[in-house]
Amino acid sequence: MILVTGANGMVGSYVKQIFDLDNTYLTDIPEMDVTDPAKVQKIFDQIKPRTVVHLAAKTDVDKCETEIDDAYKTNALGTLHVVLACKKIGATLVYISTGGVFGGNQADPYTEFDEPNPPTVYSRSKYEGEKFVRANLHNHYILRAGWMIGGGEKDKKFVGKMVSLFSERDEILAVNDKIGTITYALHLVKMIKQLINTGLYGTYHVVSEGACSRFDIAQEIAKIIGSKAKIVPVGSDRFPLPAPRGISEAMRNYKLDLLELNTMPKWQEALREYLASWDYKRV
Ligand SMILES: NC(=O)c1ccc[n+]([C@@H]2O[C@H](COP(=O)([O-])OP(=O)(O)OC[C@H]3O[C@@H](n4cnc5c(N)ncnc54)[C@H](OP(=O)(O)O)[C@@H]3O)[C@@H](O)[C@H]2O)c1
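All of the points below concern the structure found in this document. Remember, it's a predicted structure, so these values are computed and weren't measured experimentally.

### Concerning the overall build of the protein
Reasoning step 1: Of the regular secondary structure elements, the protein holds ten helices and ten strands.
Reasoning step 2: Against the globule reference of 19 Å for 283 residues, the protein gives a C-alpha radius of gyration of 19 Å, in line with a compact fold.
Reasoning step 3: Projected onto its principal axes, the C-alpha positions of the protein cover 55 × 40 × 35 Å.
Reasoning step 4: Across the 283 residues in the protein, those meeting the buried criterion constitute 45%.
Reasoning step 5: A separation threshold of at least 6 residues defines the contact pool for the protein, and within that pool the share at least 24 residues apart is 81%.

### A short note on the site of the ligand
Reasoning step 1: The environment of the ligand is formed by 25 residues, the closest being Gly6, Gly9, Ala56, Ala57 and Met148.
Reasoning step 2: Of all the elements in the fold, those that place two or more residues in the shell around the ligand are helix H1 (10-18), helix H4 (68-89) and strand S4 (92-98).
Reasoning step 3: Among the elements that make up the shell around the ligand, the one with the highest residue count is H1 (three residues).
Reasoning step 4: A class-by-class count of the residues in the shell around the ligand yields eleven nonpolar, ten polar and four charged.

### Here's the deal with the packing of helix H6 (residues 158-168) against helix H8 (residues 214-225)
Reasoning step 1: Packing of H6 against H8 leaves a shortest axis separation of 10 Å and a crossing angle of 55°. By the criterion of interaxial angle, the relationship of H6 to H8 is oblique. As H6 runs across H8, the sense of the crossing is right-handed. Here Phe158, Val159, Met162, Val163 and Phe166 of H6 come into contact with H8, specifically with Arg214, Ile217, Ala218, Ile221, Ala222 and Ile225.
Reasoning step 2: When its residues are assigned to classes, the contact of H6 with H8 shows ten nonpolar, no polar and one charged.

### A look at the environment of Arg252
Reasoning step 1: With respect to the element layout, Arg252 can be found in the loop between strand S10 (230-234) and helix H9 (254-258).
Reasoning step 2: Measuring from C-alpha to C-alpha, the distance between Arg252 and Glu209 comes to 7.1 Å, with 43 residues separating the pair along the chain.
Reasoning step 3: Residues in contact with Arg252, not counting those within four places in the same chain, are Pro109, Thr111 and His205.

### Let's talk about the environment of Lys63
Reasoning step 1: Mapped onto the fold, Lys63 is located in helix H3 (residues 61-64).
Reasoning step 2: Judged by local crowding, Lys63 falls into the partly exposed class, with 15 C-beta atoms found within 10 Å.

### Here we look at the nonpolar core
Reasoning step 1: Judged by nonpolar contacts, the single largest core of 77 residues is most densely connected at Leu93, Leu143, Ile149, Ala185, Leu188 and Ala218.
Reasoning step 2: Looking at this core, the element that brings in the most residues is helix H7 (residues 185-195), giving seven residues.
Reasoning step 3: Setting aside its immediate chain neighbours within four residues, Ala185 contacts Met10, Val11, Tyr14, Met148, Ile149 and Gly150.

### Things to note about helix H10 (residues 267-276)
Reasoning step 1: Within H10 the residues assigned to the buried category are Trp267, Ala270, Leu271 and Tyr274. Along the long axis of H10, the arc covered by the buried residues comes to 100°, so they all point the same way.

### Considering the sheet that holds strand S9 (residues 202-206)
Reasoning step 1: With parallel pairing, the six strands of this open sheet are ordered in space as S2-S1-S3-S4-S5-S9. Either end of the sheet is taken by a strand with one partner, and the two such strands are strand S2 (24-26) and S9. Adjacent strand axes in the sheet meet at a mean angle of 20°, parallel and antiparallel pairs treated alike.

### Here's the deal with the pairing of S4
Reasoning step 1: Most of S4 sits inside the fold, with seven of its seven residues counted as buried.
Reasoning step 2: Looking at chain direction, strand S3 (residues 51-54) and S4 are connected through four bridges and run parallel. Following the sheet pairing, Val53 is matched in S4 by Val94.
Reasoning step 3: For S4 and strand S5 (residues 140-145), the ladder comprises six bridges, and the chain directions are parallel. Residue pairing for S5: Val94 is matched across the bridge by Tyr141.
Reasoning step 4: Regarding topology, helix H5 (residues 121-136) serves as the crossover connection from S4 to the parallel S5, and that connection is right-handed.

### Some words on the packing of helix H2 (residues 37-47) against H4
Reasoning step 1: H4 packs onto H2 with a crossing angle of 35° between their chain directions and a minimal axis gap of 9 Å. Relative to H4, the crossing made by H2 is right-handed. Taking contact as the criterion, the partners of Pro37, Val40, Gln41 and Phe44 in H2 are, on H4, His81, Val82, Ala85 and Ile89.

### Some points on unusual backbone geometry
Reasoning step 1: Cis geometry marks the peptide bond from Ile29 to Pro30; its omega dihedral reads 0°.
Reasoning step 2: Tracing the sequence through the fold places Pro30 in the loop between S2 and H2.
Reasoning step 3: In the Ramachandran plot, Lys48 falls in the positive-phi region, its phi being about 45° despite a non-glycine side chain.
Reasoning step 4: Structurally, Lys48 is set in the loop between H2 and S3.
Reasoning step 5: Here Lys48 falls in the exposed class, since 12 other C-beta atoms lie within 10 Å of it.
Reasoning step 6: Here the phi dihedral of Glu260 falls at roughly 55°; this positive angle occurs in a residue that is not glycine.

Cut-offs used in this document
- Residues numbered from 1 in each chain as written.
- Predicted model: local features only at pLDDT ≥ 70, side-chain atom pairs only at ≥ 80, totals over all residues.
- Helix = DSSP H or I, 4+ residues; strand = E, 2+ residues; numbered from the N terminus.
- Rg over C-alpha atoms; globule rule 2.2 N^0.38 Å.
- Buried ≥ 20, exposed ≤ 12 C-beta atoms within 10 Å, placed from the backbone.
- Contact = placed C-beta atoms within 7 Å.
- Near = placed C-beta within 6 Å.
- Nonpolar A, V, L, I, M, F, W, Y, C, P; charged D, E, K, R; others polar.
- Axes fitted to C-alpha atoms, helices over the stretch in contact; angles between N-to-C directions.
- Parallel < 35°, antiparallel > 145°, perpendicular 65-115°, else oblique.
- Left-handed = near helix turned anticlockwise from the far one by under 90°.
- Core = buried A, V, L, I, M, F, W, Y, C linked by C-beta atoms within 7 Å.
- Arc of directions from axis to C-beta.
- Pairing = 2+ DSSP bridges.
- Right-handed = clockwise from strand over helix to strand, strands pointing away.

Written as C-alpha cells, this is what we have:
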C-alpha cells in the first residue's frame, strides 16, 4: 500500500489521476496531521504502507515568513514524524522538496552536487526536512521540484493568474530579473512513479529543461493561447514580496541525466501540455 500525505493539495490531485487508487491511501489534515506524531503512527499502524509519498507542507512561501513556527512545525518536524514512522516499519519515503533551497546567483543551473543555501523560512524549513530524511532513512527519494505549475481550473498561481490577466488587460508586467525552472505537477508525479521501485535512493532534481523568467513564461503563455497583449519586462522591485528570492533557483536534472532516466520535457513543451489539459478561457 502507498500512503500519501497532503493528498488534497495540488500535487495530490495528480497523484489521484496517476496512481492505482486501489493500492493508495490518501490522507490530509485533519485525519493525518503530520505535526501530530500520534496521529501519524495511528495511520501507519492501520495502513502499514510499503511506500510513503510525503506531500504535506505549508507551501505559501510569503506566509511562511511570518508564520515561522507553523512552517518549521509542519515542513521540518512533520517530516521527521513521517520519517520515524517509515523507519519503524522499513517503508520507503518519497519527500518532495524545492529548488527554493538554492537562492544564489550561480550562472549555471544548480545540480544535486551543489550546496543549498536556502534564503527563505519556507526553503529553510523544507531543507531541514531533507536533512531529517537523509539522517534517518536509507530508503528515500528526495525530489526537488521547481516552480510548480498545475491545478487547471483551480490554478491560482502564476500561470492561472496570467491566463486570466490576458483576458482582462492589453498590457501585462512580468518580472525578468529572477530565473527558475518549472515543474509540471503531472510530470513530477509520473517521475515519482518511475523512480519509486528502482532502489536508486537519493536526491534528484525534477524540472523541465531550460531556465526561464516569469517574463519568458508570460510570453510563452501568450503565444500558446494566442493573446496579443503587450508584455512589459520589469524588475522584481516592482512586486515587492515578503520572502527574499535569490536571482536563480534554476536547476538541472543532472542525476537523472547521468542515469539516463530523464524524461522531463523542455519547459515550453511542459507549459503547452499543461495549458492543453484544461479548458482555460481563450482570449
Ligand atoms: N507548489 C509549489 O510550487 C512547490 C514547489 C516545489 C516543491 N513543492 C512541494 O511539493 C509538495 C506538494 O506541494 P503542493 O503544491 O501540492 O502544495 P499544496 O497544494 O499546498 O498541498 C499541500 C497539502 O498539505 C496539506 N497540509 C498542510 N499542513 C498539513 C499537516 N500538518 N498535515 C497534513 N497535511 C497538511 C495542505 O492542507 P491546507 O491547504 O489546508 O494547508 C494541502 O492539502 C510540498 O511538500 C511542497 O513543499 C511545492
